[in-house]
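# Structure at a glance
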Amino acid sequence: MDRIRIVGGHALNGSIEISGAKNAALPLMIASLLTDEALTLENLPRLADVNLLVRILGNHGVDFSINGKRPGEATIAGQTVHLRAERIVDTTAPYNLVSKMRASFWVVAPLLARMGEARVSLPGGCAIGTRPVDLLLMVLERLGAQVDIESGYVIAKAPRGLKGAEIDFPKVTVGGTHTALMAAALAQGSTVIHNPAREPEIVDLADCLIKMGAKIKGAGSPVIEIEGVGRLGGARHAVLPDRIETGTYAMAVAMTGGDVVLKGARPELLQGALDILGHTGAMVSASDEGLRVRRDGGGIDPVDITTEPFPGFPTDLQAQFMALMTMSQGTSRIRETIFENRFMHVSELTRLGARIRLDGDAAIVQGVERLKGAPVMATDLRASVSLVIAALAAEGETLVNRVYHLDRGFEHLEHKLGQCGAEIERLSNPG
Ligand code: UD1
């Protein structure tokens, strides 16, 4: 199993190319199931989760091809791919695939909308909590599907097609909103979604669906209106830049010091988090190429945060922000309101010398003057990158084990940080 070795204490200087967003790429790829024509996606990141979804979609009959691939090319710019589900050959998504990646459960909506039936394994729990799908099933039922659960599978049927309806989410859910968008796009009549997720990735999916012929108004606002259409066609769409990757590298620079331009980043996608970063003392500014982040000399000021649905502080940046706060000049309180168990990184950060106390849904972080390298274990995607950030600022060597979590969501992490002066390498097949 691969490990990442980091020797901390180097400032980051240079530029980093921001990849296409994983959390936009996955629903966009799944949307290819809605049409028999080709969906072309530009700027698709090279990630383990993307590769896994290619396999899952392939199982349903989606043909996948990559454009302009030049062997040996060192570029890390996003790839252009074509997905075509000319014929759906199987409406079952089996446990052995869905259990590896929760977002693959979302295939239920396009399969049901296009084929009138879907049989999709329940995804099960994961390291950050129970993560139910009750609201996704509520959406399908509201749109007229009959939904049963048998032997760990959701069996959804709508032999005469889905019908538009009012959907009122009692809780903001990204997956629930993706599900509603994809299902309602092909339903008969109109659907109104109240209290949808407003994340940029929702807007990106809606934009792509509109290019495919869907009639959607209001994505990104508190109410979305969809007028169902009989069929959708092919389209070409560029995946939006990854705001979580952007925020992650911004926090790394804020922690190590230095001056880095995050090329292709769109600051407005994470303005709330960037404002917070500014309060810690980092200098954050939009540039022609994307986003510039600097910190010179001064200490890190403590700032309290609470994770919230967009446009609030994203839960997917909570662990990284906590890493930054471990070396602040004071005490900060980090409250997690989205996921119940998303503090797996606390014990690992403590191994590096951080002083963190858990208090219900909050972590109280008492800044320390220095962290010291140690072997640590990645537990989930965002938690593991928080360990990388802390290790970049720690004295001496840190070995991050179980890096497959990182490969799920961060494209060329070692390369991107290494070219900015970090001492970081991947160790394959340790003896
Ligand atoms: C997506 C993101 C993930 C991010 C999360 C919140 C992808 C691939 N993943 O996950 O990175 O951390 O949004 O921004 O885009 N909930 C229910 N019932 C449901 C569905 C959700 O109670 O049926 C709850 C969840 O347990 C959680 C909250 O709603 O407490 C938000 O979850 P949700 O927005 O659905 O997260 P995901 O879409 O799974």
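Keep in mind that what you see is a predicted model, and the values were worked out from it rather than measured.

Reading the values: rules and limits
- Residues numbered from 1 in each chain as written.
- Predicted model: local features only at pLDDT ≥ 70, side-chain atom pairs only at ≥ 80, totals over all residues.
- Heavy atoms only, no water.
- Helix = DSSP H or I, 4+ residues; strand = E, 2+ residues; numbered from the N terminus.
- Rg over C-alpha atoms; globule rule 2.2 N^0.38 Å.
- Buried < 20%, exposed > 50% of the residue type's maximum accessible area, 1.4 Å probe, protein only.
- Contact = heavy atoms within 4.5 Å.
- Areas by Shrake-Rupley, 256 points an atom, 1.4 Å probe, with all protein chains shown as cover.
- Lys, Arg positive; Asp, Glu negative; His and termini not counted.
- Charge placed at Lys NZ, Arg CZ, Asp CG, Glu CD.
- Pairing = 2+ DSSP bridges.
- Axes fitted to C-alpha atoms, helices over the stretch in contact; angles between N-to-C directions.
- Core = buried A, V, L, I, M, F, W, Y, C linked by side-chain atoms within 4.5 Å.
- Domains from an automatic or database assignment.
- Buried area = accessible area lost by both parts, 1.4 Å probe.
- Salt bridge = Lys/Arg side-chain N within 4 Å of Asp/Glu carboxyl O.
- Polar contact = N/O pair within 3.5 Å; in protein donor to acceptor, adjacent residues only side chain to side chain.
- Parallel < 35°, antiparallel > 145°, perpendicular 65-115°, else oblique.
- Nonpolar A, V, L, I, M, F, W, Y, C, P; charged D, E, K, R; others polar.
- Phe/Tyr/Trp six-rings, centres within 6.5 Å; stacked < 30°, edge-to-face > 60°.
- Expected span 1.5 Å × (residues − 1).
- Near = heavy atom within 4 Å.

### A short note on the overall build of the chain
Looking only at helices and strands, the chain features 14 helices and 24 strands. Here the chain has a C-alpha radius of gyration of 22 Å; the compact-globule value for 431 residues is 22 Å, and the two agree. A total of 431 residues make up the chain; the buried ones form 56% of that total. Of the contacts made within the chain by residues no fewer than 6 positions apart, 75% connect residues no fewer than 24 positions apart. Accessible surface computed for the chain: about 16800 Å², of which carbon and sulfur atoms make up 47%. For the chain, the separation between the mean place of its 44 positive charges and that of its 49 negative charges on side chains is 3 Å.

### A short note on the sheet that holds strand E14 (residues 235-238)
Strand order across the open sheet formed by four strands is E4-E5-E3-E14, with mixed pairing between neighbours. Bordering the open sheet on either side are strand E4 (63-66) and E14, each of which pairs with just one other strand. Strand after strand, the sheet turns through a mean of 20 degrees between neighbouring axes, direction not considered. Packing of helix H1 (residues 22-30) onto the sheet brings it into contact with strand E3 (38-44), strand E5 (79-84) and E14, and relative to E3 it is tilted by some 170 degrees. Set on the sheet, helix H7 (residues 200-211) makes contact with E3 and E14; between it and E14 the angle comes to about 160 degrees.

### Notes on the nonpolar core
Generally speaking, a soluble globular protein has its nonpolar side chains buried in company with each other. Ranked by size, the top nonpolar core spans 83 residues in total, and within it Met-29, Leu-34, Phe-105, Leu-162, Leu-181 and Leu-209 carry the most contacts. Apart from the residues within four sequence positions on either side, Phe-105 is in contact with Val-98, Val-120, Ser-121, Leu-122, Pro-123, Val-133, Leu-136, Leu-137 and Val-154. Membership of the second largest hydrophobic core comes to 68 residues, among which are Val-253, Val-376, Leu-387 and Val-400.

### Some words on the domain arrangement of the chain
Assigned domains within the chain: domain 1 (3-19 + 241-427) and domain 2 (22-238). In this assembly, 26 residues from domain 1 lie in contact with 19 residues from domain 2. Carbon and sulfur atoms make up 55% of the area that domain 1 and domain 2 hide from each other, which totals about 2000 Å². When the buried area of domain 1 at its contact with domain 2 is split by residue, Phe-310, Arg-408 and Glu-411 rank highest and sum to 28% of it. Counting the contacts that link domain 1 with domain 2 gives three salt bridges. The salt bridge partner of Glu-411 is Arg-46, with a shortest N-O separation of 3.7 Å. Linking domain 1 with domain 2 are seven residue pairs in polar contact (both at pLDDT 80 or more), by the criterion used here. Listing elements by their share of the side of domain 1 that touches domain 2, those giving two or more residues are helix H12 (381-393), helix H13 (404-409) and helix H14 (413-418). If you tally residues by element for the side of domain 1 that touches domain 2, the top one is H13, at three residues.

### Re the packing of H1 against helix H2 (residues 48-60)
In contact at an axis separation of 10 Å, H1 and H2 are set at 10 degrees when each is read in the N-to-C sense. By the angle between their axes, H1 is roughly parallel relative to H2. Within the contact between the two elements, H1 uses Lys-22, Leu-26, Met-29 and Ile-30 and H2 uses Asp-49, Val-50, Leu-53, Val-54 and Leu-57. The class makeup of the residues in the contact of H1 with H2 is seven nonpolar, no polar and two charged.

### Focus: the packing of aromatic side chains
On inspection of all chains with the given rule, the structure shows one aromatic pair. Between Phe-313 and Phe-321 the ring centres are 5.5 Å apart and the planes differ by 65 degrees, which places this aromatic pair in the edge-to-face class. With respect to burial, Phe-313 and Phe-321 carry one shared label: buried.

### Quick look at the sheet that holds strand E11 (residues 190-194)
The strand order across the open sheet formed by four strands is E10-E11-E13-E12, and the pairing between neighbours is mixed. The open sheet has two free edges, formed respectively by strand E10 (166-168) and strand E12 (215-217), since each of these has just one partner strand. Across this sheet, the average inter-strand angle for adjacent strands is 15 degrees, counted without regard to direction. Where E11 lies against strand E13 (residues 223-227), five bridges are found, and the strand directions are antiparallel. The residue bridging Ser-190 from the neighbouring strand is Glu-227, located in E13.

### Points about the pairing of strand E9 (residues 153-157)
For E9, a buried count of four out of five residues is recorded, marking the element as mostly surrounded by other parts of the structure. In terms of strand pairing, strand E7 (residues 117-121) meets E9 through five bridges, oriented antiparallel. Within E9, the position partnered with Arg-119 by the bridge is Ile-155. Pairing between strand E8 (residues 146-150) and E9: five bridges, direction antiparallel. Opposite Asp-148, over in E9, you have Ile-155 as the bridge partner. Hairpin connection of E8 to E9: two residues between the antiparallel strands, including Ser-151 at a positive phi of 45 degrees.

### Notes on helix H8 (residues 243-256)
Between its first and last C-alpha, H8 extends 20 Å over 14 residues, near the 20 Å set by a 1.5 Å rise per residue. With 14 of its 14 residues buried, H8 lies for the most part within the structure. With a side-chain oxygen positioned 2.9 Å from the backbone nitrogen of Ile-244, the residue opening H8 is Asp-242. One or two residues past the end of H8 sits Gly-257, with phi positive at roughly 85 degrees.

### Things to note about the site of the ligand
Contacts to the ligand come from 19 residues, most closely from Asp-134, Leu-135, Thr-173, Asp-316 and Ile-338. One of the backbone N or O atoms of Val-174 is found 2.7 Å from an oxygen atom in the ligand. Contact with the protein chains hides 87% of the accessible area of the ligand, taken as 740 Å² for the molecule alone. Counting only elements with at least two residues in the shell around the ligand, the list comes to helix H5 (134-142) and helix H6 (174-185). No other element matches the three residues that H5 contributes to the shell around the ligand. When grouped by side-chain class, the residues that make up the shell around the ligand number ten nonpolar, four polar and five charged.

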